[in-house]
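Geometric and topological summary
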Amino acid sequence: MGSGTQTFQHRSLSVKLWPPSHSTRLMLVERMTKNLTTPSIFSRRCGLLSKDEAEEDAKKMEELAFAAADQHYKEEPDGDGSSAVQIYAKESNKATDLRGTVFDISGGRRAFIEAEEAKELLRPLGEPGNSYTKICFSNKSFGLDAANVAAPILSTIKDQWTEVDLSDFIAGRPESEVLDVMNIFSSVLEGCHLRYLNLSNNALGEKGVRAFGALLKSQNSLQELYLMNDGISEEAARAVSELIPSTEKLKVLHFHNNMTGDEGAFTISEIVKHSCKLEDFQCSSTRVGTDGGLALAEALKRCAHLKKLDLRDNMFGVEAGVTLSKAISQFTDLTEVYLSYLNLEDEGTEALANALKHSAPSLEVLEMAGNDITAKGTASLAACIASKQFLTKLKLAENELKDEGAILIANALGKGHGQLNEVDMSTNAIRQAGGRHLAQVVVEKPGFKLLNINGNFISDEWIDEVKEIFKGSLDMLGPLDENDPEGEDDEEEEDEDEEEESAEHEKELESKLKDLKINQ
């Protein structure tokens, strides 16, 4: 089993080629690690791994590849190991071939691409035998001449494409030219069997969506579709729904920052209804009100596999929030939920918190900022939080929790929550009692990174105490410069003897909350 005979090229030798040497396996892990830390279309979507993370993943993938090949070899003990080597190579190449399959020109400065530059940039696509399956033209603006250069090049290998990123690829061009460019790319990519399509940041509108009609009509196997910041109006949303023949395999659907409104939301909800495999849905900042929110909430009831839900910055209101809670109660796989700025108020918050408490056992991210949540509505929320032991990020900024609510949340986080790394309770009318409790709880978390309690009513003296709690780790404490020690609210005013009254107020709170039990 010397390393000199255990190479992929020596299959004709009589010696056995399996198992590979230790040094061969180490070399493969190094190659995988390098590819997993190389910037690509995937790293921008999912985040680039650190070297340590990539090496750990590479080791696991190599071990899985080895195990699969070794099992095959054991079932054919009289073989020379060549077939096992082939399986080993095939399994490991799922990671190591990443760099050779992605053609990405998005790096560097934003630029207008004309004919001559297009020829040079796209030259590798014309090389015989290339293995590109994924293209990213984002951040480069294609003119009509450049599009005409790209078309025949892309056409010759159109059967290879599985992932296409055309986000932000026509910026700064006149509308007439933009529509022509879109039509060219749409025609040349028509019939590609895509799993991923990104048309974001192109100000499509209905005209732009229909300009991509040939491409969209030919897609029956899309798993990921991104239409963010595209001016998707009611009419444009209807065009998307009309053109895409099937979303049965769709797992990711993003509509962030569009002008969809309630009418557009009705159409999007129809798409969602037919996307039963959906795992990641984003419809944030889309001007959706209560009626549209109700429609989306009803549609989401069919998406039992949802892992990530982002509906931030819409005008759902209490009624849509309560209806959404009925859908969320079914999401056992949910790990991230973003429900900030939805006008949920206490009633909507309580309904959603109760639903989350009994679902989503592996919830990692919970955001409910800017929902007019008061201390009254915090008990259910605290009970939900207490049950989520995998929570890493909690954002409840810009509510009206005050000290009562802050202490309830702090108590909920007090036991366990070893993975917690960020808490945002800024702008919540919190005074020293709530600020102190939050600081004392989170500072003990082993991997904690950031506590934000800025924009509250914490005095300079108590800011100093909070800083003392974080002594030696001030980088874990966010800025405190926007706290207003003279802050007043409708229910409470501090008199001249601020320190004495604050101390009495804190004792009263602690007495009320001392025996509070949060059911998990």
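What you see is a predicted model; the values in this text were computed from it and never measured.

With that settled, consider the overall build of the protein. The number of helices and strands found in the protein is 20 helices and 15 strands. Buried positions account for 53% of the 520 residues belonging to the protein. Long-range pairs, those at least 24 residues apart, make up 84% of the contacts in the protein between residues at least 6 apart in sequence. Accessible area of the protein: about 23,700 Å², with a carbon and sulfur share of 48%.

The next thing to look at is the packing of helix 15 (residues 345–357) against helix 16 (residues 378–387). Between helix 15 and helix 16, the least distance of the axes is 8 Å, while the angle of their chain directions is 20°. Between helix 15 and helix 16, the crossing angle belongs to the class labelled roughly parallel. Considering how the two elements wind past one another, helix 15 and helix 16 form a crossing that is left-handed. Contact residues: helix 15 offers Thr349, Glu350, Ala353, Asn354, Leu356 and Lys357, while helix 16 offers Ser380, Leu381, Ala383, Cys384 and Ser387. Counted by class, the contact of helix 15 with helix 16 contains five nonpolar, four polar and two charged residues.

A word on the side chain of glutamate 177. Locating glutamate 177 in the fold gives a position in helix 8 (residues 175–189). For the buried glutamate 177, which has no salt bridge, the nearest side chain bearing the opposite charge is arginine 173, at an N-O separation of 4.0 Å. When sequence neighbours within four positions are dropped, the list of residues in contact with glutamate 177 reads Gly143 and Leu144.

Turning our attention to the confidence of the model for the protein. Looking at the protein as a whole, the pLDDT averages 87, with 86% of positions reaching at least 70. Note that pLDDT drops below 50 for residues 489–499; the model gives that stretch 17 contacts with residues more than four away or on any other chain.

Of all the 11 residues making up helix 18 (residues 432–442), 10 are buried; the element is thus mostly covered by neighbouring parts of the structure. Along helix 18, the positions that sit buried rather than exposed are Gln432, Ala433, Gly434, Gly435, Arg436, His437, Leu438, Ala439, Val441 and Val442.

Counting 125 residues, the largest nonpolar core has Trp161, Phe281 and Leu300 as its most contacted members. For tryptophan 161, the residues in contact, after removing those within four places along its chain, are Leu125, Tyr132, Thr133, Lys134, Ile135, Leu154, Leu189, Cys192, His193 and Leu194. Formed by 15 residues, the second largest nonpolar core is a distinct cluster that contains Leu28, Ala54, Tyr73 and Ala84.

In this model, helix 17 (residues 402–413) (12 residues) spans 17 Å end to end at C-alpha, consistent with the 16 Å of a helix rising 1.5 Å per residue. Most of helix 17 is tucked away, with 10 of its 12 residues classed as buried. The complete set of buried residues in helix 17 reads Lys402, Asp403, Gly405, Ala406, Ile407, Leu408, Ile409, Ala410, Ala412 and Leu413.

Below, the discussion takes up the pattern of salt bridges. Taken as a whole and judged by the stated rule, the model has 21 salt bridges. Between arginine 210 and glutamate 206 there is a salt bridge, with the nearest N and O atoms lying 3.1 Å from each other. You can see arginine 210 and its partner glutamate 206 sitting in helix 9 (residues 205–211), four residues apart, about one turn around the helix. A relative accessible area of 36% places arginine 210 in the partly exposed class. A salt bridge links glutamate 367 to lysine 393; its shortest N-O distance comes to 3.2 Å.

The next subject is a negative patch on the surface. There is a patch of like negative charges on the surface, built from Glu345, Glu347, Asp372 and Glu400. Residue position: glutamate 347 is located in helix 15.

This part covers the environment of leucine 197. The topology assignment puts leucine 197 in strand 6 (residues 196–198). Between the C-alpha atoms of leucine 197 and serine 167, which are 30 residues apart in sequence, the distance is 9.1 Å. Residues contacting leucine 197, with those up to four places away along its chain left out, are Val164, Leu215, Leu216, Leu222, Glu224, Leu225 and Tyr226.

Another aspect to go through is the side chain of asparagine 456. Mapped onto the elements of the fold, asparagine 456 is located in the loop between strand 15 (450–452) and helix 19 (460–469). A distance of 3.1 Å separates a polar side-chain atom of asparagine 456 from the backbone nitrogen of isoleucine 430. Those residues in contact with asparagine 456 that lie beyond four places of it in its chain are Met425, Ser426, Thr427, Asn428, Ala429, Ile430, Glu482, Asn483 and Asp484.

So, on to the packing of aromatic side chains. Taken as a whole, this structure holds 11 aromatic pairs when the rule is applied. With centroids separated by 5.5 Å and ring planes inclined at 75°, the aromatic side chains of tryptophan 18 and tyrosine 88 adopt a geometry described as edge-to-face. Of the two residues, tryptophan 18 sits in the segment before helix 1 (22–36) while tyrosine 88 sits in helix 4 (residues 82–96), which places them 70 residues apart along the sequence. When sorted by exposure, tryptophan 18 lands in the same class as tyrosine 88, which is buried. Measuring from centroid to centroid gives 5.6 Å for phenylalanine 142 and phenylalanine 185, while their planes differ by 85°, and the two rings are edge-to-face. Taken together, the positions of phenylalanine 142 in strand 4 (residues 140–142) and phenylalanine 185 in helix 8 put the pair 43 residues apart, joining distant regions of the chain. The class of phenylalanine 142 is buried, set by a relative accessible area of 1%. Of the aromatic side chains, those joined through ring pairs into one cluster are Phe137, Phe142, Phe169, Phe185 and Phe212. Seen from the ring of phenylalanine 66, arginine 25 lies directly overhead, with NZ or CZ sitting 3.8 Å from the centre.

The rules behind the values
- Residues numbered from 1 in each chain as written.
- Predicted model: local features only at pLDDT ≥ 70, side-chain atom pairs only at ≥ 80, totals over all residues.
- Heavy atoms only, no water.
- Helix = DSSP H or I, 4+ residues; strand = E, 2+ residues; numbered from the N terminus.
- Buried < 20%, exposed > 50% of the residue type's maximum accessible area, 1.4 Å probe, protein only.
- Contact = heavy atoms within 4.5 Å.
- Areas by Shrake-Rupley, 256 points an atom, 1.4 Å probe, with all protein chains shown as cover.
- Axes fitted to C-alpha atoms, helices over the stretch in contact; angles between N-to-C directions.
- Parallel < 35°, antiparallel > 145°, perpendicular 65-115°, else oblique.
- Left-handed = near helix turned anticlockwise from the far one by under 90°.
- Nonpolar A, V, L, I, M, F, W, Y, C, P; charged D, E, K, R; others polar.
- Lys, Arg positive; Asp, Glu negative; His and termini not counted.
- Salt bridge = Lys/Arg side-chain N within 4 Å of Asp/Glu carboxyl O.
- pLDDT = per-residue confidence, 0-100.
- Core = buried A, V, L, I, M, F, W, Y, C linked by side-chain atoms within 4.5 Å.
- Expected span 1.5 Å × (residues − 1).
- Patch = residues over 30% accessible without salt bridge, like charges linked within 9 Å, V, L, I, M, F, W, Y side chains within 5 Å.
- Charge placed at Lys NZ, Arg CZ, Asp CG, Glu CD.
- Polar contact = N/O pair within 3.5 Å; in protein donor to acceptor, adjacent residues only side chain to side chain.
- Phe/Tyr/Trp six-rings, centres within 6.5 Å; stacked < 30°, edge-to-face > 60°.
- Lys NZ or Arg CZ within 6 Å of the ring centre and 35° of its normal.

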